[in-house]
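# Survey of secondary and tertiary structure
So the chains spell out like this:
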Amino acid sequence: MSSSGFASQNGAGATYANGPSQNPVALYPTNQGYMAPPQPGYLNAMPAKEPTPPAPSYYNPSRQQPSPVAMFQQPLSLPASPNHRPALVPPTHTPPLANSFYQHPQQPPSWPHPAVNQASPAPSPAPPQPYNTGTSTPPVFQNTMQSPALVPPYSSLNNAYMPAPAVNVVAHQSFGPPQAALRGTLPPSGPPPPPLATHSDGPYSAQPGAMNRPMGTAYPSLQPAYQSVPAPQKPAHMQPAAQPYSTAAPQQYQQPSVSTAQLSPSLAALNLQSEMPEALRVVNLLQERNLLPPGAVTPPTPCLPQDLQRLNCSPEVFRCTLTSIPQTQSLLNKAKLPLGLLLHPFKDLSQLPVVTSSTIVRCRSCRTYINPFVSFLDQRRWKCNLCYRVNDVPEEFMYNPVSRSYGEPHKRPEVQNATIEFIAPSEYMLRPPQPAVYLFILDVSHNAVETGYLDVVCQSLLDNLNSLPGDTRTKIGFITFDSTIHFYNLQEGLSQPQMLIVSDIEDMFLPTPDSLLVNLNECKELVQDLLRSLPQMFSKTMETQSALGPALQGAFKLLSHTGGRVSVFQTQLPAVGAGSLKPRDEPSQRAAAKDIQHLSPATDFYKKLALDCSGQQIAVDLFLLSAQYCDLASLGCISRYSAGSVYYYPSYHNHHNPSQTERFQKDLKRYLTRKIGFEAVMRIRCTKGLSIHTFHGNFFVRSTDLLSLPNVNPDAGFAVQMSIEENLLDMQVVSFQAALLYTSSKGERRIRVHTLCLPVVNSLSDIFAGADVQAIAALLASMAVDRSVSASLSDARDALTNAAIDSLTSYCTSVLTIQQPGLLAPACLRLFPLYILALLKHKAFCTGTSTRLDERVFAMCQLKYQPLAYLMLMVHPALYRMDNLTDEGALNINERTIPQPRVLQLSVEKLSRDGAFLMDHGMVLYLWIGRNCNPSFLTQVLGIQSYIALPQNMKQLPELDTAESSRIRAFIDWLREQRPFYPILHIIRDESELKAEFMQNMVEDRTESALSYYEFLLHLQQQVSK
Ligand SMILES: [Zn+2]
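Quick caveat: nothing in here was measured; it's all calculated off a predicted structure. (Residues numbered from 1 in each chain as written. Predicted model: local features only at pLDDT ≥ 70, side-chain atom pairs only at ≥ 80, totals over all residues. Heavy atoms only, no water.)

## Comments concerning the coordination of the zinc ion
Of the protein atoms, only C363 (SG), C366 (SG), C384 (SG) and C387 (SG) coordinate the zinc ion, at distances of 2.2 to 2.3 Å. Around the zinc ion, the 4 donor atoms sit at angles spanning 99 to 116 degrees, and that spread fits a shape best called tetrahedral. Written as a sequence motif, the donor residues of the zinc ion are C-x2-C-x17-C-x2-C. Pair noted here: C363 is in the loop between β6 (352-356) and β7 (375-378) and C387 is in the loop between β8 (381-383) and β9 (390-392), with a separation of 24 residues, a long-range link. Assigned by exposure class, C363 and C387 land together as buried. (Donors = N, O, S within 2.8 Å, 3.2 Å for Na, K, Ca; no water. Tetrahedral: all angles 85-135°; square planar, octahedral: opposite > 155°, others 65-115°. Helix = DSSP H or I, 4+ residues; strand = E, 2+ residues; numbered from the N terminus. Buried < 20%, exposed > 50% of the residue type's maximum accessible area, 1.4 Å probe, protein only.)

## A few points about the nonpolar core
If you look at the biggest cluster of nonpolar residues, it comprises 228 residues, and the most contacted ones within it are F736, I929 and L942. At 12 residues, helix α20 (residues 773-790) tops the list of elements feeding residues into this core. With sequence-adjacent residues up to four places away left out, L942 is seen in contact with I929, F937, L950, M954, L957, P958, L960 and I987. In this structure, L454, I476, Y647 and L668 belong to the second largest nonpolar core, which totals 41 residues. (Core = buried A, V, L, I, M, F, W, Y, C linked by side-chain atoms within 4.5 Å. Contact = heavy atoms within 4.5 Å.)

## A few points about the sheet that holds strand β3 (residues 318-320)
Strand order in the open sheet formed by 4 strands is β3-β5-β25-β22, with antiparallel pairing between adjacent strands. Of all strands in the sheet, those with a lone pairing partner are β3 and β22 (690-696), marking the two edges. Looking at each pair of strands side by side, their axes are set apart by 25 degrees on average, direction ignored. Pairing analysis gives 6 bridges linking β22 to strand β25 (residues 718-724), with the strands arranged antiparallel. The residue of β25 that forms the bridge with I692 is M722. Where α20 meets the sheet, it contacts β3, β5 (340-343), β22 and β25, and its direction lies at approximately 60 degrees from that of β22. (Pairing = 2+ DSSP bridges. Axes fitted to C-alpha atoms, helices over the stretch in contact; angles between N-to-C directions.)

## Observations concerning the sheet that holds strand β32 (residues 916-920)
Adjacent strands of a sheet pair through backbone hydrogen bonds, lying either parallel or antiparallel. With mixed pairing, 4 strands are arranged side by side in an open sheet as β29-β32-β33-β34. This sheet does not close on itself; its edge strands, each paired only once, are β29 (878-881) and β34 (984-988). Between one strand axis and the next, the sheet turns through 20 degrees on average, direction left out of account. Pairing of β29 with β32, which is carried by 4 bridges, proceeds in the antiparallel orientation.

## Section: the pairing of strand β13 (residues 437-443)
Here is the key point about a regular strand: its side chains alternate between the two faces of the sheet. β13 sits mainly inside the fold: 7 of its 7 residues count as buried. Of the two faces of β13, the one carrying V437, L439, I441 and D443 and the one carrying Y438, F440 and L442 are both buried. Sheet analysis places β13 next to strand β14 (residues 475-481), joined by 7 bridges and oriented parallel. From the neighbouring strand, Y438 faces β14, where its bridge partner is I476.

## What about the pattern of salt bridges?
Here the structure, examined in full by the defined rule, presents 38 salt bridges. E421 serves as the salt-bridge partner of R750, at 2.6 Å between the closest nitrogen and oxygen. Within this pair, whereas R750 is found in strand β27 (residues 749-761), its partner E421 is found in strand β12 (residues 419-423), the two being separated by 329 residues in sequence. When the shortest N-O distance is used, the salt bridge between R989 and E991 registers 2.8 Å. A relative accessible area of 10% places R989 in the buried class. We classify E991 as partly exposed; its relative accessible area is 37%. (Salt bridge = Lys/Arg side-chain N within 4 Å of Asp/Glu carboxyl O.)

## Here we look at unusual backbone geometry
Its identity as a non-glycine residue notwithstanding, R367 has a phi of 70 degrees, on the positive side. Looking at where R367 falls in the secondary structure, it is placed in the loop between β6 and β7. Phi at E679 takes a positive value of approximately 50 degrees, unusual for a residue other than glycine.

## Focus on the confidence of the model for the chain
Caution applies to low-pLDDT parts of the model: their predicted coordinates are not meant to be read in detail. Averaged over every residue, the pLDDT of the chain is 78; the share at 70 or more is 73%. Segment residues 265-274 is flagged for pLDDT under 50; beyond a separation of four residues in sequence, or across chains, it makes 17 contacts in the model. (pLDDT = per-residue confidence, 0-100.)

## Thoughts on the packing of aromatic side chains
For the structure shown, the criterion picks out 25 aromatic pairs. Measuring from centroid to centroid gives 4.8 Å for F346 and Y742, while their planes differ by 75 degrees, and the two rings are edge-to-face. Here F346 is found in the loop between β5 and β6, whereas its partner Y742 is found in strand β26 (residues 733-744), with 396 residues between them in sequence. There is no split in this pair, since F346 and Y742 are both buried. On the numbers, 6.3 Å between centres and 75 degrees between planes, the contact of F569 with F664 is edge-to-face. Of the two residues, F569 is situated in strand β18 (residues 564-570) and F664 in helix α18 (residues 658-673); the sequence distance between them amounts to 95 residues. In terms of burial, F569 and F664 fall into one category: buried. When the ring centre of Y641 is taken as origin, the NZ or CZ atom of K607, which lies over that ring, is 4.7 Å away. (Phe/Tyr/Trp six-rings, centres within 6.5 Å; stacked < 30°, edge-to-face > 60°. Lys NZ or Arg CZ within 6 Å of the ring centre and 35° of its normal.)

## Some words on the pairing of β27
Of all 13 residues in β27, 13 are buried, a share of seventy percent or more. Here 2 bridges tie strand β4 (residues 325-326) to β27, and the two strands are oriented parallel to one another. Directly across from P326, in β27, lies its bridge partner V761. Here β26 pairs with β27 via 11 bridges, running antiparallel. Counted as the bridge partner of Y742 is R750 from β27. Adjacent in sequence and paired antiparallel, β26 and β27 are bridged by 4 residues, among which G747 carries a positive phi angle near 80 degrees.

Now the structure itself:
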């Protein structure tokens, strides 16, 4: 879990007074100067250096001897052999083993993001290079990032990247029939946007003059932004060593060398302990009950030599499901584990090295950015770690601005930081960076006004108007709609805002195209006038219809020249005009139907419009506030394909549902003030031999590996699946690089680059030893969402179960040398069955419960969008006991003491009536108070005299001046600070309505429609033994 907090609006645009020629390198502590006025949720960002949480001794030595039989809820006798296994609750549906995610190594890029290369079917010549590079070798325009109409096909010099069509064709077979309506490639309509920028820079010119420039003045000791990541096992590796920048003389090139012995996890462990590594310790899941580490589950550390691992990318930003990459696809197939990356590329970082340089050094062949894992053959040449081409070191790069010495290219910040940001020179733009443009579309129908949401939005905007990321060029506009569309003329000089109503929603037009988007600074008073009067303007409205589609069409027209961000607030099913929808949720079918219908969109209107928006650099964020069905499966497409985000507040009402209102307020504040990148594209490259084939998240795949992100925000996660196209036989390490090119809200073109390096292994046991169980579960969740839509929910559920069965079978048959009874897993995968069961019970995939269709679809959106750390809490919440908090092992942050209670299993057997327990579900916190709860807790923490006095709908802990009260509030505040959204707190008692919800998250317990954890293990064991 991050200890960096969310305080920093890093890189949001400092005063970069020093031009490139003056200050080629500078490290900007990115939490300076970008802070919006204090944001309560993110106020207390932890400093970069924190005492790490207590090391997760996964197997607490003090734990009780496992006595499985007694401890399980159901009195079961442990089966002696598979043949006598009591089939307690035979699964209602035994998954056919054939239904697996791994049948075919080539997974399809399934419905959400078909790679579309609509613009240029045939290879086209590289665009003329506008800049004289002064070099004899013409640069390769392989990674040209351009407007859709100009996108050349990915004809690569680097055969690691296969052309998209080939991948697509193979892929379709395994994931079931594609959804016709969705798969169609939908070229953005309308005129091609102005050429935006090119991702390929030319100048590799030796610049003899470069050396003489005054160089950067300050470069504080290079501290990768993620140094605070707890790495309990090997803290030393994560702490960057002091950089000896003072060395004057050119040094020997000590590129970290890799020897096979160092890379094999099992061998490495053998050297140390002459024992099996902990990750491979055999765990009998049926016997060992206490599987959760006391604190957060930490990702495995790749088995790399220290000097490489020290430089590696933070797992908070970049994670791989397998931290040891199999040498061949057949080995990967044998392991039956998914191979993929999980990214959080624009995460708020407390420190981020930012480089201004007129030369961004990249591989001439594959356009990889120079990074810590390239090798220097000598002072003048470096070898690309992705395609192995040998490149020249440009003259300018020979100078190290950090040590102010010459001849140390390997000590440049680009080679010392796996996460770095460049301020891009003009070569990276084909049009000037656009201003920040914000357009708000507000539902003002009777239904919407009745919820009172308009007051909250307008007030929040008024409060945060000065904190919207941007500069003097920032533009803003408003549209409201019911059955007609209302535009607002806010042009300077008007005495008050002017409303312009367009009632012809069939043929959308802009009434006064030039005055609807205005400069925020120049027209701030009119904007404030409008925000103050909007809630009253519609208070008497009787208009019930919603013409969302036409309103979006108007927004598209309004922003098509600049791009920008559209924020839509919608409270009902859109019923008139283009994109109108019909109710599809059938309450009677929610619980009964084994297969849930209507998970796919009812119309392609929203997807088509999103693609048009994407082409014009417009992203649409959707806030859905509704008690009724709104068909999120259809509406959500507008955000999914335009790289927007979706927020959902079921049963929103200002008065009837105050906790939703509180969450909405906090979310809005974060949303309005967080960092934003415009006109963005992200490309993920990997070492030759590896190939990316499926992407998960909100974006549009512009070409094979280029994601179009009209907006990028710090709270968005992404995942990709990979296959091994060519054997990695003579490779000891492989690398992955994500490069995000964006326009900052201050109008700077910037490139954020993350590079991850991982070892290659050739044995199954090493693959298993490096398995990252959380990353695996998260990737499988995304794959299962796709499967639910492209095939069926039951298919997806079977595939999830089979993922566990297949990998444990592979482990038992191919890794274990001695067969033992029980259900065996390597220690690193011991949580795998638990996570799979948690996914099966998750709102997205559960069956047999009455889950509203929109809530299910939203849960699916979350699984594909949330960064890993938050996603895991939503899948498997953390449970803590709260009535006996102590300072033992507490963190000390900014002079606050944060208790660190142990994480408990999600089972009612862990609850006791004399205690109080907190469940952290990511978006929601539940504090359950037992009926016989310790009276001192009631008085000292809740401020009540007895359990009877506990109010039904308590949402806040009173601020009492007691040690107990401070401890628990410090802990809850700390939990909240670590995520970008605001979890609401429900204090519940036995009679509370929410108790059922709380109990539903007890993943290990049996419910009417789902197996207990133990029963699930028995089911897995039966299948594994087959
Ligand atoms: Zn290369």
